Amino acid sequence: MSLSKLTRRAALALAASLPLLSLPTLAAAPDDTLVLELSTGKVVIDMRPDLAPKHVARIKELVRQGFYNGVVFHRVIDGFMAQGGDPTGTGMGGSGVKLNQEFSSEKHRRGTVSMARAQSPNSADSQFFICFSDAPNLDGQYTVWGRVSSGMDAVDKLRKGDPSRNGVVTNPDKIVSAYIQADKK
């Protein structure tokens, strides 16, 4: 066997014995980075206009209007998700603009940010949720528009409660302020 074949085999054997390294994901562009300053800490969300361009555009519009500032997380189910974006804090309100669904094959995993909606697929408005853990039962049924890139610890700290199950969130945590990274100088 030639030396080059031995060297190649040795390199392949060495590579196979090393643990797989996970490469960091590329951060979103500043104009596609949403920052939520929560009462529990800072959350950075990489928005995905490649998956849901109309939803991302609407979220940016609402953020730039200050719509989410002071809005609570009204439904927080331990091990499932935290839902906010309703200015009334009841789960029944919104901005008044319904969006047509932009479903994709993107999976609902820990840190996925998706639009909340009523029974109609085309009823998303301003409410959204962040998954605490994988939720494959939601895949293909809700519009995924982002992923938490940092700050899941702040999401995990949100006070739990679900008004639809008589578990009202007492003194719910809120979005103190929301901004698009590109807008901060």
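What you see as residue numbers is a count from 1 along each chain, following the sequence as written. Reporting in this predicted model follows two pLDDT cut-offs: at least 70 for local features of residues, and 80 or more for side-chain atom pairs to be given and counted; totals over whole chains, interfaces and linings ignore these cut-offs and use all residues. Note that the side-chain values use all heavy atoms of the structure and ignore hydrogens as well as water.

Colleague: Explain the pattern of salt bridges to me, please; I cannot follow it from the model alone.
Modeller: Pairs can form between side chains of opposite charge once their charged atoms are near each other. In what follows, salt bridge is the name for a side-chain nitrogen of Lys or Arg lying within 4 Å of a carboxyl oxygen of Asp or Glu. Counted under the stated rule, the structure contains 11 salt bridges. Across the salt bridge formed by Glu 106 and Arg 48, the nearest N and O atoms sit 3.6 Å from each other. In this pair, Glu 106 is assigned in the loop between β4 (81–84) and β5 (112–115) and Arg 48 in the loop between β2 (41–47) and α2 (53–64), connecting sequence segments 58 residues apart. Think of it in three bands: with a 1.4 Å probe and only protein chains considered, a residue is buried below 20% of the maximum accessible area for its type, exposed above 50%, and partly exposed in between. Judged by relative accessible area, which is 25%, Arg 48 ranks as partly exposed. Arg 110 is the partner of Asp 156 in a salt bridge, and the nearest nitrogen-oxygen pair spans 2.6 Å. Of this pair, Asp 156 sits in helix α3 (residues 152–156) while Arg 110 sits in the loop between β4 and β5; the two residues are 46 residues apart in sequence, bridging distant segments of the chain. Of the residues examined, Asp 156 reaches a relative accessible area of 32% and is grouped as partly exposed. Accessibility expressed as a relative area gives 35% for Arg 110, which makes it partly exposed. Salt bridges here are not isolated pairs; linked through shared partners, they connect Asp 31, Asp 32, Lys 60, Arg 64 and Asp 183. Starting at the N terminus, helices and strands are each numbered in turn, a helix being any DSSP run of H or I of at least four residues and a strand any DSSP run of E of at least two.

Colleague: How should α2 be read in this particular structure?
Modeller: Here, expected helix span is obtained from the residue count minus one, scaled by 1.5 Å. With 12 residues, α2 should cover 16 Å at 1.5 Å per step; its first-to-last C-alpha distance of 16 Å lies within 8% of that length. Buried residues of α2: His 55, Val 56, Arg 58, Ile 59, Lys 60, Leu 62 and Val 63, and no others. The inward-facing, buried residues of α2 contact β1 (33–38), β2, β5, β7 (144–150) and β8 (175–180). Positive phi appears at Gly 66, one or two residues downstream of α2, with a value of about 80°. Contacts between residues were defined by any pair of non-hydrogen atoms, one from each residue, lying within 4.5 Å.

Colleague: Honestly, the environment of His 55 in this entry has me stumped. Any pointers?
Modeller: Along the polypeptide, His 55 turns up in helix α2. Given a relative accessible area of 0%, His 55 falls into the buried group. For the pair His 55 and Gly 146, spaced 91 residues apart in sequence, the C-alpha to C-alpha distance is 9.9 Å. When near neighbours in sequence (up to four residues on either side) are disregarded, His 55 contacts Leu 99, Asn 100, Gln 101, Glu 102, Met 115, Ala 124, Thr 143 and Trp 145. Definition of a polar contact: a pair of N or O atoms within 3.5 Å, with one able to donate and the other able to accept a hydrogen when the atoms are protein atoms, and with sequence-neighbouring residues admitted only if both atoms are side-chain atoms. A distance of 2.5 Å separates polar atoms of two side chains, one belonging to His 55 and the other to Glu 102.

Colleague: Got a minute to help me understand the pairing of strand β6 (residues 128–131) in this structure?
Modeller: In the case of a regular strand, side chains alternate between the two sheet surfaces. The alternating pattern of β6 places Phe 128 and Ile 130 on one face and Phe 129 and Cys 131 on the opposite face, and all of these are buried. Note that β4 and β6 share four bridges and pair antiparallel. Across the sheet, the residue bridging to Gln 83 is Phe 129, located in β6. Pairing between two strands is assigned when DSSP locates at least 2 bridges connecting them. In terms of strand pairing, β5 meets β6 through three bridges, oriented antiparallel. Bridge pairing links Ser 114 to Phe 129 in β6.

Colleague: Hey, could you run me through the side chain of Asp 46 in this one?
Modeller: Of note, Asp 46 is situated in strand β2. Of the side chains with opposite charge, Arg 147 lies nearest to the buried Asp 46, which makes no salt bridge, at 8.0 Å. Here Ser 149 takes part through its side chain, which lies 3.4 Å from a polar atom of the side chain of Asp 46. Asp and Glu are treated as the negative residues and Lys and Arg as the positive ones, with His and the ends of the chain left uncounted.

Colleague: Mind showing me how you'd approach the pairing of β7 here?
Modeller: Note: β2 against β7, four bridges, orientation antiparallel. Bridge pairing in β7 places Val 44 opposite Ser 150. Here β5 pairs with β7 via three bridges, running antiparallel. What sits directly across from Ser 114, in β7, is Val 144.

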